[in-house]
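Examination of the molecular architecture
Each chain, letter by letter, is given below.
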Amino acid sequence: MEEKKKKNIGFNIIKNDPTDGHGGYGVGALSLDNISPVFVDVEEGEAFVDIGAMHARSVVEKGIKFLPNKEDVPDAKPFWLVWVTIDRKEEGPYYAGATACEMTVNRDIRRGYKSLPEHVNKMDKSMKRQIMVEHMDEKSKEILAQFLISHDAGMWQRSEGKLKDDLKA
């Protein structure tokens, strides 16, 4: 079995703090600077950030031809791609948006399933500070919650109740 590469779990950093009083071009505009793609590997029971997913070039997606019908990809490994948006309030940064998209991959046949329109829409909804994770399976919710808490417990504490409630954490 191939050696596992050390995974980078770093989130994108907010480059321009919209609350710093600067006020000028782009204030109030949504930016890609503060969104991070978090993969939940359901079988391995782990979560990790892969910025490559911003352009469908993550380790999960590389070398896979994605099909729009789940049924066309038998024996596939389940993943969730969760778009996590970080914002800042007076008390500090928090998880402002989180939207989960289903994805499956069968490495043996180099095929996978994902709905590209869903991925684009969910990324947009996350940037608009929406929480859409209640449709995830229980195990994946737990993995995601633990990942977000261990990444930054303070950000988790400052997050909206809906995120914690929907992830049952």
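This text gives an overview of the structure that appears in the document. (Residues numbered from 1 in each chain as written. Predicted model: local features only at pLDDT ≥ 70, side-chain atom pairs only at ≥ 80, totals over all residues. Heavy atoms only, no water.)

1. Points about the environment of Ile-64
Structurally, the position occupied by Ile-64 is in the loop between strand 2 (46–49) and strand 3 (65–67). Along the chain, Ile-64 and Val-105 lie 41 residues apart, while their C-alpha atoms are 7.5 Å from each other. Once residues within four sequence positions are removed from consideration, Ile-64 is found in contact with Val-105, Asn-106, Arg-107, Arg-110, Arg-111 and Gly-112. (Helix = DSSP H or I, 4+ residues; strand = E, 2+ residues; numbered from the N terminus. Contact = heavy atoms within 4.5 Å.)

2. Section: the environment of Leu-144
One can find Leu-144 in helix 2 (residues 138–151). Non-local contacts of Leu-144, meaning those with residues more than four positions away in its chain, are made with Val-38, Val-40, Val-82, Val-133, Met-136 and Leu-167.

3. Some details on the environment of Ile-86
By secondary structure assignment, the location of Ile-86 is in strand 4 (residues 77–89). The spatial distance from the C-alpha of Ile-86 to the C-alpha of Ser-126 is 9.4 Å, given a sequence separation of 40 residues.

4. Focus: the packing of aromatic side chains
A complete count under the given rule lists one aromatic pair for this structure. An angle of 20° between the planes, with centres 5.6 Å apart, marks the rings of Phe-39 and Phe-48 as stacked. Looking at Lys-89, its charged tip hangs above the ring of Tyr-94, at a distance of 4.4 Å from the centre. Taking NZ or CZ as reference, Lys-114 lies 4.6 Å from the ring centre of Phe-66, over its face. (Phe/Tyr/Trp six-rings, centres within 6.5 Å; stacked < 30°, edge-to-face > 60°. Lys NZ or Arg CZ within 6 Å of the ring centre and 35° of its normal.)

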